[in-house]
Amino acid sequence: MVRFKHRYLLCELVSDDPRCRLNLEDRVLSGLVRDTIARVHGTFGAASCSIGFAVRYLNAYTGIVLLRCRKEFYQLVCSALPFITYLENKGHRYPCFLNTLHVGGTIRTCQKFLIHYNRRQLLMLLQNCTDEGEREAIQKSVTRSCLLEERSDEEQLSDSGGEEPSEAME
Amino acid sequence: MPEGAGSAAAQTGARCSCDFSMAVFADLDLRAGSDLKALRGLVENAAHLGYSVVAINHVVEFKEKKQEIEKPVAVSELFTTLPIVQGKSRPIKVLTRLTIIVSDPSHCNVLVACTHLDVDLVCITVTEKLPFYFKRPPINVAIDRGVGFELVYSPAIKDSTMRRYTISNALNLMQVCKGKNVIISSAAERPLEIRGPYDVANLGLLFGLTESDARAAVSTNCRAALLHGETRKTAFGIISTVKKPRPSEADDDSLPACKKAKCEG
């Protein structure tokens, strides 16, 4: 087979500062991950992980990140992710960490997992929210996401992406 | 039941999808500072990341004279309702634990501790190069007794010299014990020092464990250590007395080497 095989790492950026997620940009994150791999695995790690490395999807509201790397070196990347302790952008440093949710061979499997995960997050938000208006908004999102189950996956991803109530919870 | 399926999934080798939907994860070391709010944040974070069981660790220095051991933090003080574990519908279970530091080698040799002392876990300190080498016979005796070895990873995340010592001590331990009965936990004091279970299993790979061993280090071996602690109160692990009027759990009749994953009734 002539195809290059990849691994897609689905991660969530967790931080106690709400401004940290808004500062997520793919260049910033890509530089951060490459730096961390260089720190942990040295020159060999930095070189081998940089060939197929890319940030494929980024959602600043929920903090979900999809990274791509080559299949032969994905363990180097995976094992370096826990060592990320801060995100630096425009001179500000925000303490945070990356929580790996799922590793998949294709973007589609990661998408399926993400939809499932977002649906669960919506339900948890529904339990925790206190305001009536928010509660109605979340209930509408939940019913909409259930109805769209048979539809194509791309629509669902964009639907469940806009979660303003999630900022209130995190 | 849960752990059996979880470890069976791990045996399929090159499958990269983390089939963690069945396993129960535990982080058995959260450092209890004096700040209750940080502790609360820690436990909430642990629940959000997917840990079903956490243990709050109180560290005590061993002194010759009798000393007062501080009262452990009561869980009901921390939370009125325990946070729900991400991905499951049950609330997180919070336990407490005591760690005794013995720094005097003449008084209590570490390797002797493995064989004779009535402990559940032996912590491998990572803050400096260990002055002694692990010898195989006491380690094997400890494994047979069911004593686990604990590696901590939060110094590795904070500092780069600590990282070197952690990895070298961990690799040293792995060569002797071959990855059995090892658990990995964070000595986290702040909410941002804890890492998710999948990440911790990947750290286990760095420490020299195989992939299946690393997953077991976060799930089944922790459970085994907890059961080992429970069986110290019971008679041969079969009969236990409970204060509350609840049916007592039917423990398996395997003795202290509680490595076998057990179904909870």
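Look up: the structure comes first, before these words.
Owing to the predicted nature of the structure, the values given are computational and were not obtained by experimental measurement.

The rules we used
- Residues numbered from 1 in each chain as written.
- Chains lettered and ligands numbered in written order.
- Predicted model: local features only at pLDDT ≥ 70, side-chain atom pairs only at ≥ 80, totals over all residues.
- Heavy atoms only, no water.
- Helix = DSSP H or I, 4+ residues; strand = E, 2+ residues; numbered from the N terminus.
- Buried < 20%, exposed > 50% of the residue type's maximum accessible area, 1.4 Å probe, protein only.
- Contact = heavy atoms within 4.5 Å.
- Areas by Shrake-Rupley, 256 points an atom, 1.4 Å probe, with all protein chains shown as cover.
- Phe/Tyr/Trp six-rings, centres within 6.5 Å; stacked < 30°, edge-to-face > 60°.
- Lys NZ or Arg CZ within 6 Å of the ring centre and 35° of its normal.
- Pairing = 2+ DSSP bridges.
- Axes fitted to C-alpha atoms, helices over the stretch in contact; angles between N-to-C directions.
- Core = buried A, V, L, I, M, F, W, Y, C linked by side-chain atoms within 4.5 Å.
- Salt bridge = Lys/Arg side-chain N within 4 Å of Asp/Glu carboxyl O.
- Polar contact = N/O pair within 3.5 Å; in protein donor to acceptor, adjacent residues only side chain to side chain.
- Nonpolar A, V, L, I, M, F, W, Y, C, P; charged D, E, K, R; others polar.

Colleague: Would you take a moment to explain the overall build of chain B for this structure?
Modeller: The number of helices and strands found in chain B is ten helices and six strands. Across the 265 residues of chain B, 48% fall into the buried class. Residue pairs in contact within chain B that sit at least 24 positions apart in sequence constitute 78% of those at least 6 positions apart. Entry remark: accessible area of chain B is about 13900 Å², with carbon and sulfur atoms responsible for 57%.

Colleague: Sorry if this is basic, but what is going on with the packing of aromatic side chains here?
Modeller: For any pair of aromatic rings, the description consists of the separation of the ring centres together with the inter-plane angle of the planes. Residues and elements named next belong to chain A. Scanning the model with the defined rule gives one aromatic pair over all chains in all. Where F113 meets Y117, the ring centres are 6.3 Å apart and the plane angle is 15 degrees; that geometry is what we call stacked. Residue F113 and its partner Y117 are both found in helix α4 (residues 107-128); the two are separated by four residues, about one turn of the helix. What makes F113 partly exposed here is its relative accessible area of 23%. Across from the ring centre of Y86, 4.0 Å away, lies the NZ or CZ of R93, which sits over that ring.

Colleague: Looking at this structure, how should I read the pairing of strand β6 (residues 97-104) of chain A?
Modeller: Residues and elements named next belong to chain A. Burial within β6 is extensive, with eight of its eight residues counted as buried. Pairing geometry for strand β1 (residues 6-14) and β6, over seven bridges, is antiparallel. Its bridge partner lying in β6, C11 is registered against T100.

Colleague: What am I meant to see in the sheet that holds strand β2 (residues 54-59) of chain A here?
Modeller: Pairing between sheet strands relies on hydrogen bonds along the backbone, with the strands arranged either parallel or antiparallel. All names here are of chain A. Pairing is antiparallel in the open sheet, where four strands are placed in the order β2-β3-β1-β6. Since the sheet does not close on itself, it has two edges, and those belong to β2 and β6, each with one partner. Each adjacent strand pair in this sheet contributes to an overall mean axis angle of 25 degrees, direction not counted. Sheet topology note: the β1/strand β3 (residues 64-70) ladder contains seven bridges and is antiparallel. Its bridge partner being in β3, H6 is matched across the sheet by R70.

Colleague: Looking at this structure, how should I read the nonpolar core?
Modeller: The nonpolar side chains of a soluble globular protein tend to be buried, and buried together. Grouped together as the largest cluster of nonpolar side chains are 49 residues, with contacts concentrated most on B:Y51, B:I92, B:F149, B:L151, B:Y153 and B:I194. Looking at this core, the element that brings in the most residues is helix α2 (residues 36-49) of chain B, giving six residues. Discounting residues that sit within four places of it in the chain, B:Y153 has contacts with B:Y51, B:I184, B:S185, B:S186, B:E193, B:I194, B:R195, B:V200, B:L203 and B:F207. By size, the runner-up hydrophobic cluster in this structure holds 29 residues, among which are A:V28, A:C69, A:Y74 and A:L98.

Colleague: So what exactly am I meant to see when it comes to the interface of chain B and chain A here?
Modeller: Size of an interface, as often reported, equals the accessible area lost when the parts are brought together. If you look at the interface, chain B gives 23 residues, while chain A gives 32 residues. Connecting chain B to chain A are zero salt bridges. Here chain B and chain A share four residue pairs in polar contact (both at pLDDT 80 or more) between them. For the side of chain B that touches chain A, the class distribution of residues is twelve nonpolar, seven polar and four charged.

Colleague: Teacher, can you tell me more about the pattern of salt bridges here?
Modeller: Opposite charge on two side chains makes pairing possible when the charged atoms of those side chains draw close. As enumerated under the stated definition, the model contains seven salt bridges over all chains in all. In this structure, A:E12 engages A:R21 in a salt bridge whose closest nitrogen and oxygen atoms are separated by 3.9 Å. Here A:E12 and A:R21 have matching classes, each one buried. Note that B:R190 is salt-bridged to B:E193, the shortest N-O span being 3.1 Å. In this structure, a network of salt bridges that share partners links the residues B:K158, B:R190 and B:E193.

Colleague: Help me understand the environment of B:L209 in this model?
Modeller: All names here are of chain B. Turning to its location among the elements, L209 is positioned in the loop between α8 (197-206) and α9 (211-218). When its relative accessible area of 6% is taken as the criterion, L209 is described as buried. Distance from L209 to N140, taken between C-alpha atoms, is 17 Å for residues 69 residues apart in sequence.

Colleague: What am I meant to see in the sheet that holds strand β1 (residues 26-31) of chain B here?
Modeller: All names here are of chain B. Strand order in the open sheet formed by three strands is β1-β2-β3, with parallel pairing between adjacent strands. Each end of this open sheet is capped by a strand with a single partner; those strands are β1 and β3 (93-101). Direction aside, the axes of adjacent strands within the sheet are offset by 30 degrees on average. With nine bridges joining them, strand β2 (residues 53-61) and β3 adopt parallel strand pairing.

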